[in-house]
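# Examination of the molecular architecture
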Amino acid sequence: MIQCEGLVKIFKSEDIEVVALQGLNLSVEQGEMMAIIGNSGSGKSTLLNILGGLDHPSAGQVSVGGWDLLKIQDDQLVEYKRNTVGFVWQNNARNLLPYLTALENVEMPMLLTGKLDRAYAQELLERVGLKDRMHNKLHQLSGGEQQRVAIAISLSNRPKLLLADEPTGSVDTATSDQIMQIFRQVNRELGITVVIVTHDLTLAGKVDRVVAIRDGLTSTEFVKRNPNLDLAAAELAGGLQEVHEAFVVVDRVGRLQVPKEYLESVGISGRASMEFDGEKIVITAPKPLEEEQS
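Here we summarise the structure given alongside this text.

The rules behind the values
- All chains use their own residue numbering, which begins from 1 and follows the written sequence.
- This being a predicted model, a pLDDT of at least 70 is required before a residue's local features are given, and a value of 80 or more before pairs of side-chain atoms are given or counted; all residues contribute to the totals for chains, interfaces and linings.
- Each side-chain value is worked out from all heavy atoms of the structure, with water and hydrogens disregarded.
- The rule for pairing is simple: two strands pair if DSSP sees at least two bridges between them.
- The secondary structure listing takes helices from DSSP runs of H or I that are at least 4 residues long and strands from runs of E that are at least 2 residues long, numbered from the N terminus.
- Axes here mean lines fitted to C-alpha atoms, for a helix over just the part in contact, with angles spanning 0 to 180 degrees between N-to-C directions.
- Just so you know how the angles are binned, under 35 degrees is roughly parallel, over 145 roughly antiparallel, 65 to 115 roughly perpendicular, and the rest oblique.
- By convention, the crossing between two helices is left-handed when the near helix turns anticlockwise from the far helix through less than a right angle, and right-handed when the turn is clockwise.
- It only takes one pair of heavy atoms within 4.5 Å for two residues to be counted as in contact.
- Lys, Arg, Asp and Glu make up the charged group, whereas Ala, Val, Leu, Ile, Met, Phe, Trp, Tyr, Cys and Pro make up the nonpolar group; the residues left over, Gly among them, are polar.
- By salt bridge we mean one thing: a side-chain nitrogen of Lys or Arg within 4 Å of a carboxyl oxygen of Asp or Glu.
- Each residue gets one of three labels from its accessible area relative to the maximum for its type: buried under 20%, exposed over 50%, partly exposed in between, using a 1.4 Å probe on protein chains only.

## A few points about the sheet that holds strand β4 (residues 59-64)
Pairing is antiparallel in the open sheet, where four strands are placed in the order β2-β1-β4-β5. Edge positions in the open sheet fall to β2 (17-28) and β5 (67-68), since each of these has one partner strand only. With five bridges joining them, strand β1 (residues 2-12) and β4 adopt antiparallel strand pairing. Considered in β4, the bridge of Ile2 is made with Val64.

Quick look at the structure:
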């Protein structure tokens, strides 16, 4: 569904040039539900905006559902945003029209494309648990209910890919759990690929895979292990957390992106010593020059 190779995004003003993404690699399979995590300024929201067709990449390769977003034309971009991708913002005001009811909000994108389907709009609101609230105006809905309307709106164009930017950032824990359950439901029942950008590490156990971004580069992946192993490990840990296995990213030419804190913890800076023992690759700090000569 998503393939990024050496993706670069540079923002320029008169005197300043900021490299938000500097050669990012990412692959997302059709039907996957994943999270992209990273600190503020890491480039995760920039990546989401590019995938959503809101920003244009500066260099590299990026394709979504067969669309080449580096070469896409403006008229094609309109079609891409209408038919391929749905977007959920953290700020409800970017999704919702306050003077309309919940149902009218979901129908609005359909009206703009000339494909009104009231039955489907009602079905979407039922999916997000708002069957009895669909005729309410937005001021009559709580913040969590408004966010669920926003999810229904993002699904109104039957997208293949759903992008969510900090969708649980402005709600309480219980509402956050409800929203994540809705994402999982539409992922499984509708087969929609879901990509969630967040800084909340607690979401890691609620998705299939987590990709960490540091300084505009993918650095680490966390993938759920075998469910049986998870169960055994969770029991040992008190049954509170799911177990994820961590991976570093290897690009197509074999370059490895190892988290900086890992390297610093073993004293690696600038150069590293690498050995292959027939089964595994071992990376260590290089020996002092006098030891090598002796």
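Structure shown, so let's carry the discussion forward.
## As for the packing of helix α5 (residues 143-154) against helix α6 (residues 173-190)
The N-to-C vectors of α5 and α6 enclose an angle of 15°; their axes lie 10 Å apart at closest approach. Compared by their axis directions, α5 and α6 come out roughly parallel. Two packed elements cross with a definite hand, and for α5 against α6 that hand is right-handed. For the pair formed by α5 and α6, the contact residues are Gly144, Gln147, Arg148 and Ile151 on the first element and Thr175, Gln178, Ile179, Ile182 and Phe183 on the second. Counted by class, the contact of α5 with α6 contains four nonpolar, four polar and one charged residues.

## Considerations on the packing of helix α3 (residues 102-113) against helix α4 (residues 118-127)
In contact at an axis separation of 9 Å, α3 and α4 are set at 125° when each is read in the N-to-C sense. It follows that α3 is oblique to α4 by the angle criterion. Handedness of the α3/α4 crossing: right-handed. Contacts between α3 and α4 involve Ala102, Leu103, Val106, Glu107 and Met110 from the first element and Arg118, Tyr120, Ala121, Gln122, Leu124 and Leu125 from the second. In the contact of α3 with α4, the residues fall into eight nonpolar, one polar and two charged.

## What about the pairing of β1?
The pairing of β1 with β2 spans nine bridges and is antiparallel. Paired with Val8 across the bridge in β2 is Gln22. Between β1 and β2, which pair antiparallel one after the other, the connecting turn spans four residues.

## Quick look at the pattern of salt bridges
Considering all chains together, one arrives at ten salt bridges under this definition. Between Arg118 and Glu107 there is a salt bridge whose closest N-O contact spans 2.5 Å. Here Arg118 is found in helix α4, whereas its partner Glu107 is found in helix α3, with eleven residues between them in sequence. Take Glu107: its relative accessible area is 5%, and that puts it in the buried class. Between Arg158 and Asp117 there is a salt bridge; the shortest N-O distance is 3.5 Å. With Arg158 in the loop between α5 and β7 (161-165) and Asp117 in the loop between α3 and α4, this residue pair connects regions lying 41 residues apart in the sequence. What makes Arg158 partly exposed here is its relative accessible area of 47%.

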